[in-house]
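# Reading the structure
One letter stands for each residue in the lines below.
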Amino acid sequence: MGDLFLVRHGETEWSRSGRHTGSTDVPLTEHGRDEARRLEPLIRAHRIGAAFVSPAQRARETAELIGLHDVQVDAGLREWDYGGYEGVTTPEIQRTRPGWFLFTDGVAPGPADHPGETPEQVGERADRVLAQVDAAHVAAEAHVVLVAHGHFLRVLTARRLGLPASAGALFQLATGTLCRLGTEHGRPVIAAWNVRPGS
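Quantities reported herein were computed from a predicted structural model and do not represent experimental measurements.

Each value, and the rule that gives it
Residues numbered from 1 in each chain as written. Predicted model: local features only at pLDDT ≥ 70, side-chain atom pairs only at ≥ 80, totals over all residues. Heavy atoms only, no water. Axes fitted to C-alpha atoms, helices over the stretch in contact; angles between N-to-C directions. Helix = DSSP H or I, 4+ residues; strand = E, 2+ residues; numbered from the N terminus. Parallel < 35°, antiparallel > 145°, perpendicular 65-115°, else oblique. Left-handed = near helix turned anticlockwise from the far one by under 90°. Contact = heavy atoms within 4.5 Å. Nonpolar A, V, L, I, M, F, W, Y, C, P; charged D, E, K, R; others polar. Pairing = 2+ DSSP bridges. Phe/Tyr/Trp six-rings, centres within 6.5 Å; stacked < 30°, edge-to-face > 60°. Buried < 20%, exposed > 50% of the residue type's maximum accessible area, 1.4 Å probe, protein only. Expected span 1.5 Å × (residues − 1).

## Quick word on the packing of helix α6 (residues 119-140) against helix α7 (residues 150-160)
At a minimum axis separation of 9 Å, α6 and α7 run at an interaxial angle of 70°. With respect to α7, the element α6 is oriented roughly perpendicular. The chirality of how α6 crosses α7 is right-handed. In this structure, α6 contributes V122, G123, R125, A126, D127, V129, L130, V133, D134 and H137 to the contact, and α7 contributes F152, V155, L156, R159 and R160. Tallied by class, residues from the contact of α6 with α7 come to 8 nonpolar, 2 polar and 5 charged.

## Remarks on the pairing of strand β5 (residues 178-184)
Pairing of strand β1 (residues 4-8) with β5 involves 4 bridges; the strand directions are antiparallel. Note that in β5 the partner of V7 across the bridge is L178. Taking the residues that link successive antiparallel strands as the turn, the β5-strand β6 (residues 187-195) hairpin has 2 residues, and the phi of H185 there is positive, at about 55°.

## What to know about the packing of aromatic side chains
Counted by the stated rule, this structure contains 4 aromatic pairs. Plain terms: the ring middles of Y85 and W100 are 5.3 Å apart, the flat faces sit at 80° to each other, and that makes the pair edge-to-face. Residue Y85 is found in the loop between β3 (72-73) and α4 (90-96), and its partner W100 is found in the loop between α4 and α5 (102-105); the two are separated by 15 residues along the sequence. Judged by its relative accessible area of 10%, Y85 falls in the buried class. With a centroid separation of 5.8 Å and an interplanar angle of 50°, the aromatic rings of F101 and F103 are classed as tilted. The partly exposed category is assigned to F101, whose relative accessible area is 38%. Taken together, the aromatic side chains of W80, F101 and F103 make up a single cluster linked through ring pairs.

## Concerning the environment of A174
Checked against the element boundaries, A174 lands in the loop between α7 and β5. Under the relative-accessibility criterion, A174 is labelled partly exposed at 24%. As a C-alpha pair, A174 and F103 span 71 residues in sequence and 17 Å in three-dimensional space. The contact partners of A174, leaving out residues within four places of it in the chain, are R8, N194 and R196.

## Thoughts on the side chain of T89
Tracing the chain through its elements places T89 in the loop between β3 and α4. Its relative accessible area of 13% is what places T89 among the buried residues.

## Remarks on helix α2 (residues 30-44)
With 15 residues, α2 should cover 21 Å at 1.5 Å per step; its first-to-last C-alpha distance of 22 Å lies within 8% of that length. Among the residues making up α2, those that are buried are G32, E35, A36, L39 and I43. The elements touched by buried residues of α2 are β1, β2 (48-53), α3 (57-65), β4 (143-148), β5 and β6.

Shown next as structure tokens:
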């Protein structure tokens, strides 16, 4: 069975300023497009059997720029639903909730179409994506790529490693980077993290 490659989309104006970007469909900056293009040789060096991408334009454009073809859009890969904290930065939230931390405290309720998710709900969604990844590995007998978002991919990594969703806090993930989850002696491991060309 192949490895699982995780790609966080390139920079956006909101990621650069630290605004929580869940449902808001913010495009890549030109720097974000450059970040994505630089990952293309790292992807091309491997046999990819299946690729899945979040519906957000920042993720779909990243997938295109890194040279992925026949990519399946998967709503399960969307970013954490930040509810009432959509578009708000952590320092702004902590003015009214001192010590607030996304991975343990979750978010404030939002509107009906984006009510917000608890860490556990994001973890359950990550588990469903991982079940789909495992099926794709068996069918393709090659590597699988996911192109998605920072907080969601951190939770997914925690769940792949058998950790609670809150442990996603342990895995810092920059924009425009590649990570690789593999196995050692039949157990899931991090084979590479936050990789950029030349790093």
